[in-house]
Amino acid sequence: MHHFQYRDGYLFAEDVDITALADEIGTPFYVYSEATLRRHIRVFQKAFASSNALVAYAVKANSNLAVLKVLASEGAGADVVSGGELQRALKAGVAPEKIVFSGVAKTADEINAALDAGIYQLNVESEPELERIAQIAQARGIAAPIALRVNPDIAAGGHEKISTGKSEDKFGIAWSDARALYAKAGAMPGISVKGVDVHIGSQIADLAPFEAAFQKVTTLIADLRADGCAIERLDLGGGLGISYGEGEAPPHPDAYARMIRRVTEPLDVRLIFEPGRMIAGNAGILVSRVIYVKVGEKRRFLIIDAGMNDLMRPALYDAWHDIWPVANRDAPTTIYDVVGPVCESSDCFAKERTLPELRDGDLIAIMSAGAYGASQTSEYNSRPLIPEVLVSGDAHAIIRKRPSFDEMIAGEVTPAWLD
Ligand code: LLP
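For every chain, the first residue of its written sequence is number 1, and the numbers climb from 1 along that sequence. Only residues with pLDDT of 70 or above have their local features reported here, since the model is predicted, and side-chain atom pairs are shown and tallied only from 80 upward, although totals for entire chains, interfaces and linings are computed over all residues. Hydrogen atoms and water are omitted, and side-chain values are computed over all heavy atoms in the structure.

A. View of the site of the ligand. If a single non-hydrogen atom of a residue is within 4 Å of a molecule or strand, that residue counts as near it. Looking at the ligand, there are 18 residues lining it, with Ser202, Glu274, Arg313, Tyr372 and Gln376 nearest. As used in this structure description, the phrase polar contact means that two N or O atoms lie within 3.5 Å; if the pair is within protein, one of them must be able to donate a hydrogen and the other to accept it, and residues adjacent in sequence are counted only when both atoms belong to side chains. Between the ligand and the protein, one listed contact pairs an oxygen atom with a side-chain N or O atom of Lys60 at 3.4 Å. One of the backbone N or O atoms of Gly239 is found 2.9 Å from an oxygen atom in the ligand. For the accessible areas, the method is Shrake-Rupley and the probe is 1.4 Å, while residue cover comes only from the protein chains on display. Relative to its unbound accessible area of 590 Å², the ligand is 93% covered by the protein chains. Residues are sorted three ways: Asp, Glu, Lys and Arg are charged, Ala, Val, Leu, Ile, Met, Phe, Trp, Tyr, Cys and Pro are nonpolar, and all the rest, Gly among them, are polar. Looking at side-chain class alone, the shell around the ligand contains five nonpolar, seven polar and six charged residues. Looking at the shell around the ligand, you find at least three residues from each of domain 1 (4–32 + 281–408) and domain 2 (103–273). Domain extents, as shown, originate in an automatic or database domain assignment.

Take a look at the structure:
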């Protein structure tokens, strides 16, 4: 469900005309719908409303401060994976007791920042990381609240580059080491063991791998409790897939919640969730303008002014994004390769895509780009980061402005010996 719809043949974000927005701001740019963000976080929270769960939005999906502020105003917590994301969450008004810190390798500075802020929990991914946290917390005279992220060795996720729960992935603590490491953690003065954490991947389209992983974790919790370890929290990560186009029907959060209740009810733990894509993915689109239509020997290229640096998902994961013309004129269709201007063959958004005929100057919208879109951008080819716009009803605001060339190079210094 989202709030991007045609009105009289023109695409709108809520009550805002995308064509007028493009004229005002210049292309390319991201647009987010506040109503969609609110709807998604509410649907997720409602699914677990009876259980006092903590829904900690995965900031990496879309870390714009305004987006975080919208979600914080709905009572969402934050799952952060860096000192920068922690600062963003705090700045957006997320209460520290709703923040969990995930990530493979937290540095001493990041651990100190998390302890300074007094966050809810650090999710620990290795024995050396546990030791580092213990040492820092003990020196401060406190015990850091932690969960160990365990790796259940279960395959899941739409693409090998976003699978995290297999034993050959770098993530989490090996299943066979978990019990011993919990025993070690329990004896460390700088550590307060609170729970177990698991996250098996992203864009997971069915419930079976989740259920298999969560079942495995419940047996671990029983073992840990038998070992005398008090487990009061269970962090089930993120990963619920979204629809990127027709024919895709990922599970509804209610079905996900029913399965989780069935599996975890006997445990009497506080559940934590880290949804990212499910909240932000379909709340955003990337608007771009056709620069040229180039007719090659074998292909017809629609060359647009957005590039792989602006939205990496197709280049990096072969990801499918629906592409909609902003003005829907009922034109006859043609088959295009939709590509960007970046000097890389992988700068391609869609291969052999059937679209209504388009001309240079026309606008297109790349759909479902609200998660892992703007947050994964770069300035490759010296292309300034593109603006982000938030729409609410008939209002809109630029929530990240397009930097000028001078702003883009402001951090670069030419050493005196080159003058
Ligand atoms: N928690 C942890 C520990 C994670 O690593 C992730 C995502 C999430 C939560 C949120 O997962 P979600 O609910 O969004 O699936 N850039 C890739 C996705 C990478 C996901 C990384 N971790 C993409 O564009 O598909």
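Still to come is the rest of the account.
B. Quick look at the pairing of strand E2 (residues 10–13). In this structure, strand E1 (residues 4–7) lies alongside E2, joined through four bridges in antiparallel fashion. The residue of E2 that forms the bridge with Arg7 is Tyr10. Taken together, E1 and the strand that follows it, E2, pair antiparallel across an intervening segment of two residues, in which Asp8 is found at a positive phi of about 50°. Two strands are counted as paired when DSSP detects at least two bridges linking them. By the criteria applied, helices consist of DSSP H or I runs no shorter than four residues and strands consist of E runs no shorter than two, each listed in order from the N terminus.

C. Representation of the sheet that holds strand E3 (residues 16–17) within the structure. Here we have three strands laid out as an open sheet, ordered E1-E2-E3, and antiparallel in their pairing. The open sheet is flanked by E1 and E3, the only strands paired with a single partner.

D. Highlighting the packing of helix H6 (residues 127–139) against helix H7 (residues 178–186). Here H6 crosses H7 at 10°, and the two axes come no closer than 11 Å. Between H6 and H7, the interaxial angle falls into the category roughly parallel. The residues of H7 that touch H6, namely those facing Glu127, Leu130 and Glu131, are Leu181, Lys184 and Ala185. Grouping the amino acids of the contact of H6 with H7 by side-chain chemistry returns three nonpolar, no polar and three charged. Axis definition: a line fitted to C-alpha atoms, over the contacting stretch in the case of helices. Angles run 0 to 180 degrees between N-to-C directions. Roughly parallel refers to an angle under 35 degrees, roughly antiparallel to one over 145, roughly perpendicular to one between 65 and 115, and oblique to any angle outside these ranges. By the convention used here, residues are in contact when the closest approach between their heavy atoms is within 4.5 Å.

E. A look at the side chain of Gln203. Checked against the element boundaries, Gln203 lands in the loop between strand E11 (191–197) and helix H8 (207–226). Among the polar contacts listed, one links the side chain of Gln203 to the backbone oxygen of Ile242, at a separation of 2.9 Å. Among the polar contacts made by the side chain of Gln203, one reaches the side chain of Arg277 at a distance of 3.5 Å.

F. Just the nonpolar core, in detail. The criterion is simple. A nonpolar core is a set of buried Ala, Val, Leu, Ile, Met, Phe, Trp, Tyr and Cys residues joined through side-chain atoms within 4.5 Å. Per-residue accessibility, obtained with a 1.4 Å probe over protein chains only, is compared with the maximum for each type, and a residue is labelled buried under 20%, exposed over 50%, and partly exposed between these values. Formed by 103 residues in total, the largest nonpolar core has its most connected members in Ile146, Val196, Phe214, Tyr256 and Val338. Sorting elements by how many residues they give to this core places H8 first, with seven residues. When we break this core down by domain, the ones giving at least three residues each are domain 1 (4–32 + 281–408) and domain 2 (103–273). With near-sequence residues (within four places) excluded, Tyr256 lies in contact with Phe44, Phe48, Leu207, Phe210, Phe214, Leu236, Gly237, Leu240 and Phe273. Judged by nonpolar contacts, the second largest core, of 18 residues, contains Leu21, Ala22, Ile285 and Met367.

So yeah, pure geometry; function would need other evidence.
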